[in-house]
Amino acid sequence: SGVRPVDMTPYIQELIDLAPESEAAQFVEVFPRRLANTVLRTLAISLLISGCLWVYLALRFARVIAHPIEHVTDATAKIMTGDLQTRVDMPENIPGETSRLLARFNQMAQALETYERERTEMIAAIAHELRTPLAVMKVRQELLEDGLIEFKQDEIGLLGRQIELLTRLVEDLRTLSLADANRLSLKLEPVDLTTLVSRIITSFEPRVQDLGIDIVSNLISIQLEADPHRLEQVVINLLDNACKHTPE
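Residues numbered from 1 in each chain as written. Predicted model: local features only at pLDDT ≥ 70, side-chain atom pairs only at ≥ 80, totals over all residues. Heavy atoms only, no water.

### Looking at the overall build of the chain
Consideration 1: In terms of helices and strands, the chain carries six helices and two strands.
Consideration 2: Starting at the N terminus and walking to the C terminus, you meet the elements of the chain as α-α-α-α-β-α-β-α.
Consideration 3: Looking at the chain residue by residue over its 248 residues, the buried ones come to 18%. (Helix = DSSP H or I, 4+ residues; strand = E, 2+ residues; numbered from the N terminus. Buried < 20%, exposed > 50% of the residue type's maximum accessible area, 1.4 Å probe, protein only.)

### Brief notes about the pattern of salt bridges
Consideration 1: Scanning the entire structure with this criterion turns up seven salt bridges.
Consideration 2: Measuring nitrogen to oxygen at the nearest pair gives 2.6 Å for the salt bridge that ties Glu113 to Arg87. Residue Glu113 is found in helix H3 (residues 96–145), and its partner Arg87 is found in the loop between helix H2 (23–80) and H3; the two are separated by 26 residues along the sequence.
Consideration 3: A relative accessible area of 30% places Arg87 in the partly exposed class.
Consideration 4: Each of Arg207, Asp240 and Lys244 takes part in salt bridges that share partners, so that together they form one network. (Salt bridge = Lys/Arg side-chain N within 4 Å of Asp/Glu carboxyl O.)

### Topic: the environment of Leu231
Consideration 1: Assignment of secondary structure puts Leu231 in helix H6 (residues 228–245).
Consideration 2: Separated by 35 residues in sequence, Leu231 and Leu196 have C-alpha atoms that sit 8.7 Å apart.
Consideration 3: Setting aside residues no more than four positions away along its own chain, Leu231 makes contact with Val191, Leu193 and Ala226. (Contact = heavy atoms within 4.5 Å.)

### Points about helix H4 (residues 153–180)
Consideration 1: Counted at 1.5 Å a residue, the expected span for H4 with its 28 residues is 40 Å, and the 41 Å between its end C-alpha atoms agrees.
Consideration 2: Among the residues of H4, those classed as buried are Glu155, Leu159, Gln162, Leu166, Leu169, Thr175, Leu176 and Leu178.
Consideration 3: On its buried side, H4 packs onto H3 and H6. (Expected span 1.5 Å × (residues − 1).)

### Considering the packing of helix H5 (residues 193–211) against H6
Consideration 1: In the contact formed by H5 and H6, the axes pass within 10 Å of each other and the chain directions differ by 30°. Classified by the angle between their axes, H5 and H6 sit roughly parallel to one another. Crossing hand, H5 versus H6: right-handed. In contact with Leu193, Leu196, Val197, Arg199, Ile200, Ile201, Phe204, Arg207, Val208 and Leu211 of H5, H6 contributes Pro228, Leu231, Glu232, Val235, Ile236, Leu239, Asp240, Cys243 and Lys244. (Axes fitted to C-alpha atoms, helices over the stretch in contact; angles between N-to-C directions. Parallel < 35°, antiparallel > 145°, perpendicular 65-115°, else oblique. Left-handed = near helix turned anticlockwise from the far one by under 90°.)

### Thoughts on the confidence of the model for the chain
Consideration 1: For the chain, per-residue confidence averages 79 on the pLDDT scale, and 84% of positions sit at 70 or higher.
Consideration 2: When mean pLDDT is taken per element in the chain, strand S1 (residues 189–192) scores highest with 93 and helix H1 (residues 9–18) scores lowest with 62. (pLDDT = per-residue confidence, 0-100.)

### Some remarks on the nonpolar core
Consideration 1: Membership of the largest hydrophobic core is limited to twelve residues, which are Val191, Leu196, Val197, Ile200, Ile201, Phe204, Val208, Ile213, Ala226, Val235, Leu239 and Cys243.
Consideration 2: Counting residues per element, the ones that place at least two in this core are H5 and H6.
Consideration 3: The greatest single-element share of this core, amounting to six residues, is contributed by H5.
Consideration 4: Those residues in contact with Ile213 that sit more than four places away from it in its chain are Val208, Cys243, Thr246 and Pro247.
Consideration 5: In this structure, Val72, Ala75, Ile94 and Leu102 belong to the second largest nonpolar core, which totals nine residues. (Core = buried A, V, L, I, M, F, W, Y, C linked by side-chain atoms within 4.5 Å.)

Following this line, the structure appears as structure tokens:
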């Protein structure tokens, strides 16, 4: 049936009553109190040690997480000052969420650097293209002033084409500035994509013929909600690049 603990209280009390002044009786009398104090003291020390250990481990774990985040904070400050080449190191043995945070930060910094480089290159290219029509117009103006060429219809057409080019480049700069400011609005309306693309291809035919290029189209009827002006810009840019880089 199992062993049950024996209640020793009657025996201890009998021993105390028989010889209350003996050392054994006095020891037995104070023993429970001493035992309780010892247990409480041991429990308190154990709790204190356990608490200190948990605090230490928590601080170490927090440091493991906080250290990479401090690097992210420092790198963010550098990016805000324009240093887009800043990256954070990927230390080993860091928690998964912190590792993903560092990876996403580096991806964001890389995207910002790429975007800024492309924007700078685009502005430089547009500025270079702006100089060409301005130089042509300045030369023609000087020739007209010196009387070396006559002011005929052909000359008016040449100047008109240079003005159209300048207008297009200025519009490109305006579009770029609106996009940078997140103010590039779209005016959506029903658009027949086939009709739009066919019209642009027709406008490019004289140019591609001079370049010895053929444009072959295989269009299906597509109706969509879009900004026809912006969509036309996209298609024109694609065909313009194709004309520049396609051999005969």
